[in-house]
Amino acid sequence: MTMHAAAPKPGSEAEIWTEDRLQILESARALGGAIRAAADEIDASRGVPAHIVEALSQAGVFRMSFPRSWGGPEMTPAHQFEVIEAISQADGSTGWCAYIGANGGYFTAYLDQDEARSMFPTPESMDAATGGVPTPIGTAEVADGGYVISGRWSFGSGIRHSKWFVVGALVRQDGKVVLDDAGQPRAIAAFLPTSDIEIHDTWNATGLRGTGSHDFEVRSKYVAAERTFNFYSSPPRRPSALYAFPNIFFFNHSAVVLGIARSAIDTFKELCRTKKTPWGQLERQPFAVDALARAEAAVGAARSYALETLRDLYASLETQKSLSLEDAARFRLTITHCHRAAVEAVDLVFNAAGTTAVKVPSTLDRCFRDVHTANQHLVASPMSYSIIGAMMLGTVPADPLYFPPRKG
């Protein structure tokens with residue numbers, strides 16, 4: 001099924017598919033053949049090959065979230081969704097790494113802008129992947145004008161091809177945890193060049209193998225204070241709505257899993273036309289066409305819901321510069337629903353394909369492994385439904401992953 005750029009919501013100038021934004025989308029779609037050709041290599045090597053990373057960079061994928069004032073495209077979440085979806089349709093691991101690597105524009109929005117600009121001085125410099133694990137697992141010992149960062153983190157997706165990585169740490173002074181004004185441990189996220197990071201080869205997952213989500217370690221590396229921020233309390237240093245809600249980039253998880261599901265459906269459609277069973281052609285079997293229709297409905301409905309949600313939420317951010325509790329609940333509900341719909345769709349066609357699906361190499365096998373691995377991520381946790389339901393009834397969650405504190 002061919003995907004097309006969706007029409008922008010009337011009245012939102014930011015939603016317009018300008019020439020530079022549309023070029024990134026078209027370039028991402030054009031890479032599909034090369035990415036699919038490398039899929040077995042990506043899976044076996046547990047990483048995205050250098051020539052694919054370079055192609056993503058040249059396509060402008062990694063610069064999507066950088067501001068127009070810097071020469072970036074400042075693509076809205078709905079624009080980015082379609083780009084990541086297209087790449088994920090070609091290969092889930094590559095789509096995941098594209099999503100992770102395109103977050104540099106978001107993270108730099110919370111830095112001192114002169115310092116951030118020194119790190120990304122030209123449009124070309126924005127084409128380097130920026131990843132990160134902002135969870136405060138490491139330690140940040142207070143030092144003159146900055147911090148000394150140490151620690152070991154897991155799930156460093158795309159770290160082998162990233163130029164910059166953002167790591168989370170708890171602030172310490174003289175070996176003691178520093179508390180913030182609310183009496184909670186003070187956390188920061190710090191920008192480091194990946195040359196300062198030691199990578200441990202630990203990624204041996206069932207699916208999304210090509211993401212190369214290895215453990216990594218930082219040993220006593222100094223980071224100036226200007227290259228650090230608090231992900232949930234530092235105010236954005238840019239006025240654009242794109243940077244007003246710190247969790248907004250999580251939505252691209254949905255783009256990844258729906259792209260994977262679309263690949264599985266298209267693969268199964270072709271299989272229906274070619275596979276013969278003991279009862280005749282697969283396309284003539286009621287169970288097969290039933291599975292195909294159900295999978296299509298699940299993915300199509302979830303995709304429409306996702307794009308509508310993104311446009312509505314972005315309109316709220318443009319006018320209010322924040323999301324209400326109700327909006328935040330819808331934001332997380334849509335992400336969780338997209339994961340469930342994608343898993344449902346892939347399972348339907350995988351089961352209907354019979355033993356063909358489990359043969360290696362097999363696109364259906366890869367889609368099955370990838371979508372189930374993605375579904376294990378915290379943003380798709382089954383506990384989300386109860387938290388979101390409570391939010392819908394007015395309960396403010398304690399976890400900032402669901403409703404970040406408002407920035408001052």
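In what follows, the accompanying structure is described. Just so it is clear, the structure is predicted and the values come from calculations on it, not from any experiment.

**Notes on the overall build of the protein chain**
Turning to step 1, where the next piece is worked out: Within the protein chain one finds 13 helices and 10 strands.
Turning to step 2, where the next piece is worked out: Oriented by its inertia axes, the alpha-carbon framework of the protein chain measures out at about 75 × 45 × 40 Å.
Turning to step 3, where the next piece is worked out: Classification of the 408 residues of the protein chain by burial places 58% in the buried group.
Turning to step 4, where the next piece is worked out: Considering only intrachain contacts with a sequence separation of at least 6, the fraction spanning at least 24 residues in the protein chain is 76%.
Turning to step 5, where the next piece is worked out: In the protein chain, the 38 positive side-chain charges and the 44 negative ones have mean positions that sit 4 Å from each other.

**Section: empty space enclosed by the protein**
Turning to step 1, where the next piece is worked out: A complete count under the given rule lists one cavity of 30 Å³ or more for this structure.
Turning to step 2, where the next piece is worked out: Considering only enclosed or pocket space, the largest cavity measures out at about 40 Å³ in volume.
Turning to step 3, where the next piece is worked out: Considering the residues around the largest cavity, the lining is formed by Arg332, Leu378, Val379, Met383, Asp399, Leu401 and Tyr402.

**A look at the nonpolar core**
Turning to step 1, where the next piece is worked out: Judged by nonpolar contacts, the single largest core of 109 residues is most densely connected at Val61, Val83, Phe229 and Phe268.
Turning to step 2, where the next piece is worked out: Tallying contributions element by element places helix α11 (residues 325-352) first for this core, with 14 residues.
Turning to step 3, where the next piece is worked out: Not counting the four nearest positions on each side in its chain, valine 61 is found in contact with Ile24, Leu56, Val83, Ile87, Ala98 and Ala102.
Turning to step 4, where the next piece is worked out: Grouped together as the second largest cluster of nonpolar side chains are 18 residues, Val133, Tyr147, Ile159 and Leu192 included.

**Side note on the layout of surface pockets**
Turning to step 1, where the next piece is worked out: Here the largest pocket is characterised by a volume of approximately 1200 Å³.
Turning to step 2, where the next piece is worked out: What lines the largest pocket is a set of 48 residues, among which Val133, Pro134, Thr135, Pro136 and Leu401 lie closest to the centre.
Turning to step 3, where the next piece is worked out: Among the elements of the structure, α6 (92-101), β1 (130-143), β2 (146-156), β5 (187-193), β8 (228-229) and α12 (363-374) are those that each provide at least two residues to the lining of the largest pocket.
Turning to step 4, where the next piece is worked out: Ranked by the residues each element gives to the lining of the largest pocket, the list is headed by β1, at seven residues.
Turning to step 5, where the next piece is worked out: Here the residues of the lining of the largest pocket sort into 28 nonpolar, 17 polar and three charged.
Turning to step 6, where the next piece is worked out: Taken as a whole, the second largest pocket spans an internal volume of roughly 260 Å³.
Turning to step 7, where the next piece is worked out: Together, 16 residues line the second largest pocket, and Arg36, Gln89, Ala90, Ser263 and Thr363 are the ones closest to its centre.
Turning to step 8, where the next piece is worked out: Elements represented by at least two residues in the lining of the second largest pocket include exactly α3 (39-45), α5 (77-90), α9 (252-274) and α12.

**A look at the packing of aromatic side chains**
Turning to step 1, where the next piece is worked out: Tallied over the full model, the rule gives 23 aromatic pairs.
Turning to step 2, where the next piece is worked out: For the pair phenylalanine 120 and tryptophan 164, a centre-to-centre distance of 6.1 Å together with 45 degrees between the ring planes defines the contact as tilted. Of this pair, phenylalanine 120 sits in the loop between α8 (113-119) and β1 while tryptophan 164 is found in strand β3 (residues 164-173), placing the two residues 44 residues apart along the sequence. One exposure class covers both phenylalanine 120 and tryptophan 164, and it is buried.
Turning to step 3, where the next piece is worked out: Where phenylalanine 350 meets phenylalanine 368, the ring centres are 4.2 Å apart and the plane angle is 25 degrees; that geometry is what we call stacked. Of the two residues, phenylalanine 350 is situated in helix α11 and phenylalanine 368 in helix α12; the sequence distance between them amounts to 18 residues.
Turning to step 4, where the next piece is worked out: Residue phenylalanine 350 is classed as buried on the basis of its relative accessible area of 12%.
Turning to step 5, where the next piece is worked out: By relative accessible area, which is 26% here, phenylalanine 368 ends up partly exposed.
Turning to step 6, where the next piece is worked out: Cluster of aromatic residues (ring-pair linked, three or more members): Tyr106, Phe107, Tyr110, Phe229, Phe231, Tyr232, Tyr243, Phe249 and Phe250.
Turning to step 7, where the next piece is worked out: A cation sits over an aromatic face here: arginine 238 above tryptophan 70, 4.6 Å from the ring centre.
Turning to step 8, where the next piece is worked out: When the ring centre of tyrosine 402 is taken as reference, the NZ or CZ atom of arginine 332 above it lies at 4.2 Å.

Rules used in this analysis
- Residues numbered from 1 in each chain as written.
- Predicted model: local features only at pLDDT ≥ 70, side-chain atom pairs only at ≥ 80, totals over all residues.
- Heavy atoms only, no water.
- Helix = DSSP H or I, 4+ residues; strand = E, 2+ residues; numbered from the N terminus.
- Buried < 20%, exposed > 50% of the residue type's maximum accessible area, 1.4 Å probe, protein only.
- Contact = heavy atoms within 4.5 Å.
- Lys, Arg positive; Asp, Glu negative; His and termini not counted.
- Charge placed at Lys NZ, Arg CZ, Asp CG, Glu CD.
- 1 Å grid on protein atoms, 1.4 Å probe; cavity = no way out; pocket = protein on both sides within 12 Å on 5 of 7 lines; lining within 4 Å.
- Points joined across faces, edges and corners; volume = space filled by probe spheres on them.
- Core = buried A, V, L, I, M, F, W, Y, C linked by side-chain atoms within 4.5 Å.
- Nonpolar A, V, L, I, M, F, W, Y, C, P; charged D, E, K, R; others polar.
- Phe/Tyr/Trp six-rings, centres within 6.5 Å; stacked < 30°, edge-to-face > 60°.
- Lys NZ or Arg CZ within 6 Å of the ring centre and 35° of its normal.

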